[in-house]
Amino acid sequence: MLALDPVQELIGFACLGGWLGYIFYRLEWHRQPIWVYGILIAKLFGAWAFGWVYANYYCHGDTLRAYLTASRLTYYLSHTPQVGLALMLRELSASWEATGWKVFFSDTKLYGYDYDWSEPSNYRFYRLLVPFYIGAGGGYYGMQGLMALVGGLLGYAAYQRWNKLIGFPKFFWIVWFLWPGVVFWFSGVLRDTLVLPLMLYGAAWVVSVKRWRDMGGALALVAVAILRPEAFFLGTGVGLLYRFRYTWWLLGLEAVSGGILFVKWLVPWAYQYRQEALDPAFYPEVSNASVFHVNFDLSLQGIFLGWLSSTLYGLFGPLPWQITKPIVVLYAIEAWIGGSLITYWTARAWVSKGWKWPYVLLLAIGLFVVGFIAMATPYWGTLARQRIYGMCWIALGLGGAAQESLKNHNDPLS
């Protein structure tokens, strides 16, 4: 369990109140709708719940390592700046690299520094968190809340950019921002809180950019490439597909090359990753984890059937007989409701002739990503978080189809 300093936590809450006031002033100044402030408050509570679960229920995980590593980096920057600078910019100098390793071996609290234990993108993220740690006065829950506010603002920027491209129904923002899984998993101190909205904003920039002086989307994609390279390829790829969605020969070329990549590289990687994740020799804690099994081989038929069953689990799983822990029930309820709503709105848009090719493309991409993530990920908790990288494209496609249905004025289910 994380040992919290009451003084730091009080300072963190005070700093968070100041940031909330500043954000409210800026939103009013730019005449943004009041519901934007409401979703930020919702994400704030989601971040606190997220932080509590990791600190008191799991008592371990990337969230705690991120907070503790940002704390130690800030300590060195303030007490021994030359060492702090070496830790922050270790790749730029061999002497800084040597200093960093020396500090790592002598400071057991610097959890996220070891590249052999924590992937490089994690440590890059931990360094990015130093301003958040300082801006929250060193408070754990203050830092959780500040991350949620920044992630919420980035999400609103992505929503605005896609709304200009597609035009969503008025109620769509409720699903986009307040879906329980989004509020919980994408509000706390994890890379995904920043990466998901940055990926969506960057993809919309690829679709709509006309002047290369509009560099906001490019900067967003650079940040995504640093923090989570796979999300960079996903966002850039979807943006290019959507931008050239009516260039059929290019779409065919991309479909063929993407299919080859999927069969020859992605699925074998997912197969190997799943096998290792379920091997107690690699992960001893697997015996206590909530896992699900997908059986597939590397033949074309096996890949297709494996993806199909994985997509089913990604949308509707866990099924009732797959629930082994009480906490999985919460995710199961959300998955059942979400899968049912997706099925209902897909059928409704079909009946009312709301499906146009761009929205079908986004829906297909989303289903593809959800299925692939479920193929590689054997843990229900991880799937609950990672599948949103596919669900966001499904939501965009359904949002566009719903708006098209309203334009047609022939929705028999309304």
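None of these values were measured; they are calculated from a predicted model.

Draft legend 1. Examining the overall build of the protein chain more closely. The helix and strand tally for the protein chain stands at 19 helices and zero strands. Against the 2.2 N^0.38 benchmark of 22 Å for 414 residues, the protein chain shows a C-alpha radius of gyration of 22 Å, consistent with a compact globule. By principal-axis analysis of the C-alpha atoms, the protein chain measures approximately 65 × 55 × 45 Å. Burial statistics for the protein chain: of 414 residues in total, 50% are counted as buried. Counting contacts in the protein chain only where the partners sit at least 6 residues apart, residues at least 24 apart contribute 73% of the total. Taken as a whole, the protein chain presents about 20300 Å² of accessible surface, with 69% of it coming from carbon and sulfur. Placing the 29 positive and 21 negative side-chain charges of the protein chain at their respective mean positions leaves the two points 11 Å apart.

Draft legend 2. Here's a closer look at the pattern of salt bridges. Tallied over the full model, the rule gives eight salt bridges. The closest approach of N and O atoms between Arg228 and Glu230, which form a salt bridge, is 2.9 Å. The buried category is assigned to Arg228, whose relative accessible area is 8%. For Glu230, a relative accessible area of 48% puts it in the partly exposed group. A salt bridge links Glu404 to Lys356; its shortest N-O distance comes to 3.3 Å. Taken as a pair, Glu404 in helix α19 (residues 388-408) and Lys356 in the loop between α16 (326-351) and α17 (357-376) lie far apart in primary sequence, 48 residues in all. With a relative accessible area of 9%, Glu404 lands in the buried category. With a relative accessible area of 43%, Lys356 lands in the partly exposed category.

Draft legend 3. Broad picture of helix α4 (residues 81-88). Taken as a whole, α4 has its buried residues at Val83, Gly84, Ala86 and Leu87. Taken end-on, α4 shows its buried residues confined to a sector of 160°, consistent with a single buried face.

Draft legend 4. Looking closely at the nonpolar core. Within the largest apolar cluster, 113 residues are counted, with the highest numbers of intra-cluster contacts made by Leu129, Trp162, Met199, Leu200 and Trp393. A total of 12 residues in this core trace back to one element, the largest contributor, which is α17. Excluding residues that lie within four positions of it along the chain, Leu200 makes contacts with Ala158, Trp162, Trp176, Cys392, Trp393 and Leu396. With five residues, the next largest nonpolar core counts Val206, Val209, Ala218 and Leu221 among its residues.

Draft legend 5. Examining helix α1 (residues 6-29) more closely. Taking 1.5 Å of rise per residue, 24 residues should cover 34 Å, and α1 covers 35 Å from first to last C-alpha, within 8% of that figure. Taken together, the buried positions of α1 are occupied by Glu9, Gly12, Leu16, Leu20, Ile23 and Leu27. If you follow the buried residues of α1, they end up packed against α2 (35-58), α3 (62-79) and α8 (140-166). For α1, the N-terminal cap is Asp5; the gap from its side-chain oxygen to the backbone nitrogen of Val7 is 3.0 Å. Of the residues flanking the end of α1, it is Arg31, one or two places downstream, whose phi is positive at about 55°.

Draft legend 6. Up close: the packing of aromatic side chains. Here the structure, examined in full by the defined rule, presents 40 aromatic pairs. The interplanar angle of 80° and the centroid separation of 5.5 Å between the aromatic rings of Tyr271 and Phe296 together place this pair among those described as edge-to-face. Taken together, the positions of Tyr271 in helix α14 (residues 248-277) and Phe296 in the loop between α14 and α15 (300-316) put the pair 25 residues apart, joining distant regions of the chain. Look at Tyr271 and you get partly exposed, because its relative accessible area is 29%. Here the aromatic cluster, defined as three or more aromatic residues joined through ring pairs, consists of Trp35, Tyr156, Tyr159, Phe168, Phe172, Trp173, Trp176 and Phe177. The aromatic ring of Tyr75 is capped on one face by Arg72, whose charged end is 4.7 Å from the ring centroid. If you follow Arg274 out to its NZ or CZ, it ends over the ring of Phe292, 5.0 Å from the centre.

Draft legend 7. Region of interest: the environment of Ile134. By secondary structure assignment, the location of Ile134 is in helix α7 (residues 130-135). Ile134 sits in the exposed class, given a relative accessible area of 55%. Between the alpha carbons of Ile134 and Leu315 there is a distance of 39 Å; along the sequence they are 181 residues apart.

Draft legend 8. Spatial organisation of the environment of Ala401. Among the secondary structure elements, Ala401 is positioned in helix α19. If sequence neighbours within four positions are ignored, Ala401 has contacts with Ala349, Gly354, Trp355 and Tyr359.

Draft legend 9. Local environment of the packing of α15 against α17. One way to put it is that α15 packs onto α17 with a least axis distance of 7 Å and a crossing angle of 95°. With respect to their mutual orientation, α15 and α17 come out roughly perpendicular. Each of Ile303, Gly306, Trp307, Ser310, Thr311, Gly314 and Leu315 in α15 lies in contact with α17, whose residues at this interface are Leu367, Phe368, Val370, Gly371, Phe372, Ala374 and Met375. A breakdown of the residues in the contact of α15 with α17 according to their chemical character gives nine nonpolar, five polar and no charged.

Basis of the calculations
Counting restarts for each chain, with residues numbered from 1 along the sequence as it is written. In keeping with the predicted nature of the model, local features appear solely for residues at pLDDT of at least 70, side-chain atom pairs appear and are counted solely at 80 or more, and the whole-chain, interface and lining totals rest on all residues. Hydrogens and water molecules were not included; the side-chain quantities draw on all heavy atoms of the structure. Each helix corresponds to a stretch of at least 4 residues labelled H or I by DSSP, and each strand to a stretch of at least 2 residues labelled E; elements are numbered beginning at the N terminus. Each radius of gyration reported is based on C-alpha atoms, and the globular scaling rule is 2.2 Å times the count of residues to the power 0.38. For every residue, the accessible area obtained with a 1.4 Å probe (protein chains only) is divided by the maximum for its type, and the residue is called buried under 20%, exposed over 50%, and partly exposed between those limits. When checking whether two residues touch, look at their non-hydrogen atoms; a contact exists if any pair is within 4.5 Å. Areas reported as accessible are Shrake-Rupley estimates using a 1.4 Å probe. Residue values count occlusion only from the protein chains shown. Note on charges: Lys and Arg go in the positive column, Asp and Glu in the negative column, and His and the chain ends are not counted at all. Note that the charge is assigned to NZ on lysines, CZ on arginines, CG on aspartates and CD on glutamates. Take a side-chain nitrogen of Lys or Arg and a carboxyl oxygen of Asp or Glu: if they are within 4 Å of each other, that pair is a salt bridge. The directions considered for the arc run from the helix axis to the C-beta atoms. The criterion is simple. A nonpolar core is a set of buried Ala, Val, Leu, Ile, Met, Phe, Trp, Tyr and Cys residues joined through side-chain atoms within 4.5 Å. Here, expected helix span is obtained from the residue count minus one, scaled by 1.5 Å. In protein, a polar contact requires one atom able to donate a hydrogen and another able to accept it; more generally it is a pair of N or O atoms within 3.5 Å, and residues adjacent in sequence count only if both atoms are side-chain atoms. Each pair of aromatic rings taken from Phe, Tyr and Trp, with Trp reduced to its six-membered ring, is defined by centres within 6.5 Å and is described as stacked if the planes are under 30 degrees apart, edge-to-face if over 60, and tilted in the remaining cases. By definition here, charges over rings are those cases where NZ of Lys or CZ of Arg is within 6 Å of the ring centre and within 35 degrees of the ring normal. Every angle, taken between N-to-C directions, lies between 0 and 180 degrees, and every axis is a line fitted to C-alpha atoms, over only the stretch in contact when it is a helix. By the definition adopted for this analysis, an angle is roughly parallel if under 35 degrees, roughly antiparallel if over 145, roughly perpendicular if from 65 to 115, and oblique otherwise. We call Asp, Glu, Lys and Arg charged. Ala, Val, Leu, Ile, Met, Phe, Trp, Tyr, Cys and Pro are nonpolar, and the rest, Gly among them, are polar.

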